[in-house]
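In case you want the letters, here they are:
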Amino acid sequence: MYQMALRSLKKGVIYGPVHSKRLGRSLGLNILPPDRKVCTFDCVYCHYGHTVVQPFELPEPRFIEEELREYLSEEPEIDFITFAGHGEPTLHMDFLEIVKRVKKLRDEMAPNVKIALLTNASKLSRPDVAGACELIDSPICKLDAGDEETFKRISRPMPRIYLEDIISNIRATPRAVIQAMIIEGSTTNASDEQIKSLVDAIKKAKPTFVQVYSIDFPFPDGSLMPAANEKLERIARVIKEETGIDSEAYWESK
C-alpha cells in the first residue's frame, strides 16, 4: 500500500507557501491523498467538494520527512509549517510519528518557523492525536456552530460525531485556537441566535484565540455567500466582549 502511495503522492505532500492573513507565509503539508478528500466532516462550503467514503492510501512518515527536508534545504521564507490538505490530517494512522519527524526537522533546519494544525477537532481525543498536539505550536480548530442543529447543517459530520464532543476536545487541547467560518445564503450560521450559541460554545471551549472569517468567493450557484466584512468585525467584537478571549476578523481584500 505504501509503495503505491509513494508513487502517486510524489510532489503532492507539500504545497505553497501561500500567504495567509491568519498564518503569514504558510507552507502546507498534505499528508492525505492528493486526489481525493478524506474527512470526518462534509462541510457545506468545502471547496474540495463532497466527502466520499472509499478506500484510500496514505504516504508513510519517512516519505513526508524526505519531501520536507528537500524543501527546507532551499531555506524558504516561511512563518508556519501547517498540517492541512485534502480533509482531516489527524485521520492519518501515523499522525503522531509524522508530527515528531516534522518537529525534529523544523528544530534542525528552521527553528524560527512554527508548526500549525488545521483540524475539525473530531479526533483530538484520540491519545496519539492528543500527544501530537502537545508538540504543535498552534492547533487551529474548526468551530462553525454552537448548537447541534446548525452544526449538522453546516459541518455535516459523520455519524456519532456530536458538537458537545468537539467542544470538549478543543477545551482539552493546549494552545487551541478556534477558527469560525461564517456564511450566509441558503445555508447560514450568521443569525443573531446562531451567533449567540456560537459565543456560548466558545466560552465552554476556552481557546486562546478566535479567528472569524468567511468564504472568500461566492459559490457558483449563488446558494452560499460570504458574510459582510462589517458583520465579521461585529461577531469578533461580540466574542471578545462576551468571553474575554481575544478575537479577530479576517477577510480578503476586494
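Residues numbered from 1 in each chain as written. Predicted model: local features only at pLDDT ≥ 70, side-chain atom pairs only at ≥ 80, totals over all residues. Heavy atoms only, no water.

Participant: I keep staring at helix α2 (residues 61-72) and nothing clicks. Help me out?
Facilitator: An α-helix turns once every 3.6 residues. As a result, residues three or four positions apart point the same way. For α2, which comprises 12 residues, the first-to-last C-alpha distance of 16 Å matches the rise-based estimate of 16 Å (1.5 Å per residue) to within 8%. By the burial criterion, the buried members of α2 are Pro-61, Phe-63, Ile-64, Glu-67, Leu-68, Tyr-71 and Leu-72. The buried residues of α2 occupy an angular sector of 165 degrees when projected down its axis, which confines them to one face. (Helix = DSSP H or I, 4+ residues; strand = E, 2+ residues; numbered from the N terminus. Expected span 1.5 Å × (residues − 1). Buried < 20%, exposed > 50% of the residue type's maximum accessible area, 1.4 Å probe, protein only. Arc of directions from axis to C-beta.)

Participant: Can you walk me through the packing of aromatic side chains in this structure?
Facilitator: The relative placement of two aromatic rings is captured by the distance of their centres and the angle of their planes. Evaluation of the coordinates by the stated rule reveals 2 aromatic pairs. Between the aromatic rings of Phe-41 and Phe-151, the centroid separation amounts to 5.7 Å while the plane-to-plane angle is 75 degrees, which identifies the pairing as edge-to-face. Here Phe-41 is found in the loop between β2 (24-29) and α2, whereas its partner Phe-151 is found in helix α5 (residues 148-154), with 110 residues between them in sequence. Grouping residues by exposure puts Phe-41 and Phe-151 together as buried. (Phe/Tyr/Trp six-rings, centres within 6.5 Å; stacked < 30°, edge-to-face > 60°.)

Participant: Which parts of the structure should I look at to understand the pairing of strand β8 (residues 209-213)?
Facilitator: In summary, the side chains of a regular strand alternate between the two faces of the sheet. Taking burial as the measure, the 5 residues of β8 include 4 buried ones, the bulk of the element. Pairing analysis gives 5 bridges linking strand β6 (residues 177-181) to β8, with the strands arranged parallel. Opposite Gln-179, over in β8, you have Gln-211 as the bridge partner. For β8 and strand β10 (residues 247-249), the ladder comprises 3 bridges, and the chain directions are parallel. (Pairing = 2+ DSSP bridges.)

Participant: Would you mind showing me how to read the nonpolar core here?
Facilitator: Generally speaking, soluble globular proteins have nonpolar side chains that are buried together. Tyr-45, Leu-68, Phe-83, Phe-95, Leu-143, Ile-170 and Ile-182 are the most contacted members of the largest nonpolar core, which has 70 residues in total. Top contributing element to this core by residue count: helix α7 (residues 192-205), with 6 residues. Core analysis: the second largest hydrophobic core is formed by 5 residues, Leu-23, Phe-80, Ala-116 and Val-177 among them. (Core = buried A, V, L, I, M, F, W, Y, C linked by side-chain atoms within 4.5 Å.)

Participant: Would you explain the environment of Ala-227 in this entry?
Facilitator: As for its position among the elements, Ala-227 is in the loop between β9 (224-226) and α8 (229-243). Take Ala-227: its relative accessible area is 5%, and that puts it in the buried class. Not counting the four nearest positions on each side in its chain, Ala-227 is found in contact with Ile-182, Glu-184, Ser-214 and Leu-232. (Contact = heavy atoms within 4.5 Å.)

Participant: Which parts of the structure should I look at to understand α8?
Facilitator: With 15 residues, α8 should reach 21 Å at 1.5 Å per residue; the first-to-last C-alpha distance of 21 Å fits that figure. Of the residues making up α8, those classed as buried are Lys-231, Leu-232, Ile-235, Ala-236, Ile-239 and Thr-243. Taken around the axis of α8, the buried residues stretch over an arc of 135 degrees, which confines them to a single face. Set apart from the buried face of α8 by more than 90 degrees, the exposed residues are Glu-230 and Glu-241. Packed against the buried residues of α8 are β7 (183-185), α7, β8 and β10. Just downstream of α8 lies Gly-244, where phi reads positive at about 80 degrees.

Everything listed here is a matter of coordinates, which is why it stays silent on function.
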